[in-house]
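This is what each chain is made of:
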Amino acid sequence: MPIDPELARRLIEAVNIGFDQQIRFLADLTRLPSLRGEEASAQDVMARAYAQRGLDVDRWRIDVERLRHLPGFSPVAVSYDNAYNVVGAYRAPGAQGGPRGRSLILNGHIDVVPTGPLEMWSTPPFVPVIRHGWMYGRGAGDMKAGLVANLFALDAVTRAGLIPTGDIYLQSVIEEECTGNGALACLERGYRGDAAIIPEPMAEELLSAQVGVVWFQVKVRGRPTHVAVAGTGANAIEACYPIMQALHRLEHRWNEQGHPAFHSHEHPINFVVSRIEGGDWTSSVPAWCTFDMRISLFPGMSLETVRSEVEACIAQAAADDPYLGKHPPQVVYHGFMAEGWELPGGTEAQAVLASCHDAITGKPLATVASTGTTDARFFGLYAGIPALVYGPKAESIHGFDERVEIESIRRVTQTIALFIAQWCGTIEA
Ligand code: ZN
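Every value quoted in this text rests on a predicted model; they were computed, and no experiment measured them.

1. Describing the overall build of the protein chain
Then, number 1: For the protein chain, the helix and strand inventory stands at 11 helices and 20 strands.
Then, number 2: A compact globule built from 429 residues should have a C-alpha radius of gyration of about 22 Å, and the protein chain, at 23 Å, falls within 12% of that.
Then, number 3: Referenced to the eigenvectors of the C-alpha coordinate spread, the extents of the protein chain come out at roughly 85 × 40 × 40 Å.
Then, number 4: A separation of at least 24 residues holds for 83% of the contacts in the protein chain among residues at least 6 apart in sequence.
Then, number 5: Summed over all atoms, the accessible surface of the protein chain reaches about 17,700 Å², with 52% contributed by carbon and sulfur.
Then, number 6: Of the charged side chains in the protein chain, 35 are positive and 49 negative; the average position of the first set lies 3 Å away from that of the second.

This is the structure in structure tokens:
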């Protein structure tokens with residue numbers, strides 16, 4: 001797919017002209033702590049930015065009841081009273097009889113994960129700063145830089161004097177970090193495209209496959225007694241250890257089975273005990289304990305099989321314990337119920353991205369499989385839309401001192417701008 005060097009030059013220049021403004025906008029957005037349930041004000045900023053550009057803005061509250069029956073739905077344990085998605089739709093002039101190009105979804109998520117202890121950050125997570133070419137801040141890399149790159153890539157196309165001839169949907173979704181129900185809600189609302197780009201922090205590589213992810217809680221009940229007669233009680237916290245160990249043995253088995261898309265990963269399947277609560281009093285044998293676990297699964301494994309293997313594993317571990325055998329723990333699914341996904345090879349969308357990436361960076365586009373999940377699965381598995389997960393370079397996402405490389409944001413924005421022009425087609429303004 002040859003790229004017209006003059007077109008590339010115009011778009012590179014157009015991105016450069018808007019780049020300072022783009023980085024300021026990213027800093028302003030990173031300043032808003034769009035943690036789960038608190039995304040609305042950041043979504044308002046996105047809605048305003050879409051409206052200022054003359055896009056048709058659709059801002060709606062996600063209704064769980066409309067999603068519950070759909071494939072890809074993940075169970076929800078929190079209120080969606082404040083759960084808003086925003087889409088800005090660009091409608092090509094072809095609607096009035098001009099040429100019609102291919103349509104495109106430019107998707108990103110606004111939600112960010114919790115910061116952890118603030119004293120572990122070098123600078124406060126919601127006070128973005130730029131040091132040595134990197135912007136620091138929670139969510140700056142994952143993935144506000146990509147979300148903003150989508151917006152400014154479309155700006156650059158316009159600034160270059162080009163009018164896209166395909167429809168473009170800018171999507172700012174929530175819930176990517178816990179369920180994916182934000183992206184699912186966009187599908188349910190009818191948004192479709194001939195391709196989708198998701199600029200997650202991929203270090204300018206293309207995602208070729210991702211694991212599935214399931215969240216669950218194990219709730220263990222014990223028998224409280226005074227610690228002086230601990231032997232007559234049943235310690236709910238300590239009873240969790242063998243269950244955790246049994247789950248890690250299941251993790252080991254799945255890693256042994258392996259998957260062709262993850263050959264280059266030594267340990268693609270990760271089961272993580274990520275949260276724990278239990279007990280009430282230091283001198284009482286604890287009567288209760290709940291631990292959260294995030295597990296992953298290979299593409300092609302069915303969620304039904306995964307659930308039954310997990311539940312059997314927990315039930316077996318409990319049966320080996322004299323007290324738990326009679327009082328088995330409860331398993332509650334409270335988030336991700338996500339299948340794995342692989343990008344189908346040989347699509348034209350991938351070929352176009354590869355040539356745009358090459359034109360901007362001078363390098364061939366590398367692909368990489370991820371041991372995490374993204375919203376790509378919704379487009380790919382449930383709507384037949386090729387989803388290109390490709391974005392800037394970030395470090396320490398979900399950790400302390402999360403950061404994103406500024407020049408990488410510039411190149412990704414240029415690549416997306418060029419992709420818009422190549423994929424949708426353009427006419428001169
Ligand atoms: Zn992300």
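2. Quick notes on the coordination of the zinc ion
Six octahedral donors at a metal ideally form angles of 90 or 180 degrees, and four tetrahedral donors ideally form angles of 109.5 degrees.
Then, number 1: H109 (NE2), D142 (OD) and E200 (OE) make up the full set of protein donors to the zinc ion, lying at 1.8 to 2.2 Å.
Then, number 2: Within one chain, the residues donating to the zinc ion are spaced in sequence as H-x32-D-x57-E. Here the residue H109 occupies a position in strand β3 (residues 104–109), and E200 occupies one in the loop between β8 (196–198) and β9 (206–210), the gap between them amounting to 91 residues.
Then, number 3: Taking the relative accessible area as the measure of exposure, H109 reaches 0% and is therefore buried.
Then, number 4: With a relative accessible area of 6%, E200 lands in the buried category.

3. Quick word on the environment of A14
Then, number 1: Checked against the element boundaries, A14 lands in helix α1 (residues 5–30).
Then, number 2: Overall, A14 belongs to the buried group, its relative accessible area being 3%.
Then, number 3: Separated by 23 residues in sequence, A14 and G37 have C-alpha atoms that sit 36 Å apart.
Then, number 4: Excluding residues that lie within four positions of it along the chain, A14 makes contacts with A156, R159 and A160.

4. Side note on the sheet that holds strand β4 (residues 129–131)
Then, number 1: One open sheet accounts for 4 strands, arranged β4-β5-β19-β18; its pairing is antiparallel. Strand pairing shows two members of the sheet lacking a second neighbour, β4 and β18 (394–395), which therefore form its edges.
Then, number 2: The pairing of β4 with strand β5 (residues 134–136) spans 3 bridges and is antiparallel. Note on β5: the bridge partner recorded for V129 is Y136.
Then, number 3: Along the sheet, helix α11 (residues 406–424) contacts β4, β5 and β19 (403–405); its crossing angle with β19, the most-contacted strand, is approximately 60°.

5. Considerations on the packing of aromatic side chains
Then, number 1: For the structure on display, the rule yields 9 aromatic pairs.
Then, number 2: Measuring from centroid to centroid gives 5.8 Å for F262 and F298, while their planes differ by 50°, and the two rings are tilted. Placement of the pair is F262 in the loop between α6 (240–257) and β11 (272–278) and F298 in the loop between β12 (288–297) and α7 (303–319), with a sequence separation of 36 residues. Taken individually, F262 and F298 each receive the classification buried, so the pair is uniform in this respect.

6. A look at the pattern of salt bridges
Two side chains bearing opposite charge may form a pair once their charged atoms approach each other closely.
Then, number 1: Applying the stated criterion across every chain, the model contains 18 salt bridges.
Then, number 2: As a salt-bridge pair, R61 and D81 come within 3.9 Å of each other at their nearest N and O atoms. Of this pair, R61 sits in strand β1 (residues 56–61) while D81 is found in the loop between α3 (64–67) and β2 (84–90), placing the two residues 20 residues apart along the sequence.
Then, number 3: By relative accessible area, D81 is classed as exposed at 57%.

7. A short note on the sheet that holds β1
Then, number 1: Strands sit in the order β1-β2-β7-β3-β8-β17 across an open sheet of 6 strands; the sheet is mixed. The sheet is open, and its two borders are formed by β1 and β17 (387–389), each paired with just one other strand. Strand-to-strand twist in this sheet, taken as the mean axis angle between neighbours without regard to direction, amounts to 20°.
Then, number 2: Examined bridge by bridge, β3 and strand β7 (residues 168–173) share 6 bridges and lie parallel to one another. Paired with G108 across the strands is S172, a residue of β7.
Then, number 3: On top of the sheet, helix α4 (residues 140–159) reaches β2, β3, β7 and β8; it is set at about 150° to β3, its chief contact.

8. Side note on unusual backbone geometry
Then, number 1: Residue M143 follows D142 across a cis peptide bond; omega there is -10°.
Then, number 2: Here M143 shows up in helix α4.
Then, number 3: Its identity as a non-glycine residue notwithstanding, E204 has a phi of 65°, on the positive side.
Then, number 4: Notably, D401 is not glycine yet its phi reads approximately 55°, a positive angle.
Then, number 5: In this fold, D401 is placed in the loop between β18 and β19.
Then, number 6: For D401, a relative accessible area of 14% puts it in the buried group.

9. Some details on the nonpolar core
Then, number 1: In this structure, L11, L104, F419 and I420 are the most contacted members of the largest nonpolar core, which totals 95 residues.
Then, number 2: With 12 residues, α4 is the largest single contributor of residues to this core.
Then, number 3: If you look at the next biggest cluster of nonpolar residues, it comprises 41 residues, including A234, I269, F298 and A369.

Thresholds applied
- Residues numbered from 1 in each chain as written.
- Predicted model: local features only at pLDDT ≥ 70, side-chain atom pairs only at ≥ 80, totals over all residues.
- Heavy atoms only, no water.
- Helix = DSSP H or I, 4+ residues; strand = E, 2+ residues; numbered from the N terminus.
- Rg over C-alpha atoms; globule rule 2.2 N^0.38 Å.
- Contact = heavy atoms within 4.5 Å.
- Areas by Shrake-Rupley, 256 points an atom, 1.4 Å probe, with all protein chains shown as cover.
- Lys, Arg positive; Asp, Glu negative; His and termini not counted.
- Charge placed at Lys NZ, Arg CZ, Asp CG, Glu CD.
- Donors = N, O, S within 2.8 Å, 3.2 Å for Na, K, Ca; no water.
- Buried < 20%, exposed > 50% of the residue type's maximum accessible area, 1.4 Å probe, protein only.
- Pairing = 2+ DSSP bridges.
- Axes fitted to C-alpha atoms, helices over the stretch in contact; angles between N-to-C directions.
- Phe/Tyr/Trp six-rings, centres within 6.5 Å; stacked < 30°, edge-to-face > 60°.
- Salt bridge = Lys/Arg side-chain N within 4 Å of Asp/Glu carboxyl O.
- Core = buried A, V, L, I, M, F, W, Y, C linked by side-chain atoms within 4.5 Å.

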